[in-house]
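# Structural overview for review
For reference, the chains in residue letters:
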Amino acid sequence: MVEKLKKIWCDGEFVDWDAATIHVLTHSLHYGIAAWDGVRAYQRKDGASYVFRLREHIDRLFDSCKLCLLKPAQSPEAIFSACVQTLRVNGMVDGYLRPMVYVGDGAMGVYAPDNTIHSTIMAWRWAAHLGADANDRGIRAKISSFARPHPASAVVKAKITGQYTNSALARAEVKHAGYDEAIHLAVDGYVSEASGSNVFLAKRGVLYTPDLASAILEGVTRDTVIVLARELGMTVVEGRVTREQLWLADEVFLTGTAAEIVPVREIDDRRIGDGHVGAITRKLQERYADITRGSDTSHPEWLTRVGA
Ligand SMILES: Cc1ncc(COP(=O)(O)O)c(C=O)c1O
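What counts and how
- Residues numbered from 1 in each chain as written.
- Predicted model: local features only at pLDDT ≥ 70, side-chain atom pairs only at ≥ 80, totals over all residues.
- Heavy atoms only, no water.
- Domains from an automatic or database assignment.
- Contact = heavy atoms within 4.5 Å.
- Buried area = accessible area lost by both parts, 1.4 Å probe.
- Salt bridge = Lys/Arg side-chain N within 4 Å of Asp/Glu carboxyl O.
- Helix = DSSP H or I, 4+ residues; strand = E, 2+ residues; numbered from the N terminus.
- Nonpolar A, V, L, I, M, F, W, Y, C, P; charged D, E, K, R; others polar.
- Expected span 1.5 Å × (residues − 1).
- Buried < 20%, exposed > 50% of the residue type's maximum accessible area, 1.4 Å probe, protein only.
- Near = heavy atom within 4 Å.
- Polar contact = N/O pair within 3.5 Å; in protein donor to acceptor, adjacent residues only side chain to side chain.
- Areas by Shrake-Rupley, 256 points an atom, 1.4 Å probe, with all protein chains shown as cover.

### Digging into the domain arrangement of the chain
Domain annotation of the chain identifies domain 1 (7-124) and domain 2 (134-292). A C-alpha centroid distance of 26 Å is found between domain 1 and domain 2. Listed by partner, the interface residues are 21 residues for domain 1 and 21 residues for domain 2. Both faces combined, the contact of domain 1 with domain 2 buries some 1,800 Å², and carbon together with sulfur accounts for 58% of it. Considering only the surface of domain 1 that becomes buried against domain 2, Trp36, Phe52 and Arg60 emerge as the three largest contributors, covering 32% of it. Where domain 1 packs against domain 2, one counts two salt bridges. Asp223 is the partner of Arg53 in a salt bridge, and the nearest nitrogen-oxygen pair spans 2.9 Å. Elements with a minimum of two residues in the side of domain 1 that touches domain 2: strand 3 (34-36), strand 4 (39-43), helix 2 (54-67) and strand 6 (95-103). At five residues, the largest contribution of residues to the side of domain 1 that touches domain 2 is made by helix 2. Considered class by class, the residues forming the side of domain 1 that touches domain 2 number eleven nonpolar, four polar and six charged.

Take a look at the structure:
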C-alpha cells in the first residue's frame, strides 16, 4: 500500500493528494496510451537528496510520447524542474517519482487526436521492488509463457501503460507458480527482459545483455551498469541472448530503477552458478550503491541536487 504524501503535480500546479483524481472517461484508461517514467531520488552520504539520471528519464518520457504521437503541453525542462519541485513540496529526500503524460476525456473513439493531453507527477516511497532480501539472497525467476510483443506489433521502446498488460500477466503467472519474477522471451525465442527490469548474465568474467534492437525497454539502469562495468575493466557484449545462456551462466542479475541490481539465483528451477550471489553482481551492486546513495562523485552528470 502506497503511503500518501502531501501533493501531486497536475498540469502545472500542485493539488492535494486526494484531490488528484481523473474522470472515468479518461481516454488513456480505456486504450492504454499513457507515457510514464520511473525515477529515483536518493539521500546520499553527504545528507543531501539527489535525483538519479533525471535527464535520461525525462528524455525517455518524451521519446515514449513521440512514439505514441502524444504532445505534452509542457517542455522537457518544465517537467524536469516539476519533478524536483514535487520532491521538495513533499519533503521527500529518498523515494520514487513517476511523471506521466496521458490523454484526457472528450472523444471516446480509439483515435482522438483533439483530446487534451495532461501531465502529472506523483512521488511515493518505494521499498525493495522484489522483496526485502532480494538484493542479498537473489531471487527465483521463471521464463514466462507471455512473450514480449514483436516490434512490428507494438512500440516496444515506449514506456506506456498498455505495454504493462504483458508484464502484469507474466508476473501474475509466475507468482502464482511460486516464483519471484518473470523473464520474457521475445517472439523470436531470444531473451528479452524481466517484467520490470533488464537482464544481464556473466560467463567467464564477460557480461552479456540483449542489445537495443531486441524487444526491450532501453533501461537507464542497464546503461549505468554497462558504463560501471566497463570502468571496472569488464567486457560487456550487447547482442542476442538465449535461454540456454541464462541456464549456463555463472551469474544472472536484473537491473531497473525500482529493482536496482537484483541477483537471480534460480531460473526455471535450475540453479544459476553456485546458487549464491556472484562476485561480479556484488561488485556492481556496491558500485551502484556508492554512485546512487554513497559518496562517489565520479559521475556528477547523473546527479540532480534536490535542495531545499
Ligand atoms: C519493462 C521494463 N524493462 C526495463 C526496465 C528498466 O528500466 P530502468 O532501468 O530505466 O528503470 C523497466 C523499468 O522501468 C521496465 O519496466
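More follows now that the structure is in view.
### Let's talk about helix 3 (residues 76-90)
Its 15 residues give helix 3 an end-to-end C-alpha distance of 21 Å, which sits within 8% of 21 Å, the value for a rise of 1.5 Å per residue. Within helix 3, burial applies to Ile79, Phe80, Ala82, Cys83, Val84, Thr86, Leu87 and Asn90. Positive backbone phi, approximately 60°, marks Gly91, located one or two places after helix 3.

### Brief notes about the site of the ligand
The environment of the ligand is made up of 17 residues, and the closest members are Lys159, Tyr164, Glu193, Thr221 and Thr257. Within the backbone of Val220, one N or O atom sits 2.7 Å away from an oxygen atom of the ligand. About the coverage of the ligand: the protein hides 94% of its 380 Å² of free accessible area. Contributions of two or more residues to the shell around the ligand are made by helix 2, helix 6 (220-231) and strand 14 (251-256). Residues belonging to the shell around the ligand are distributed by class as follows: three nonpolar, ten polar and four charged.

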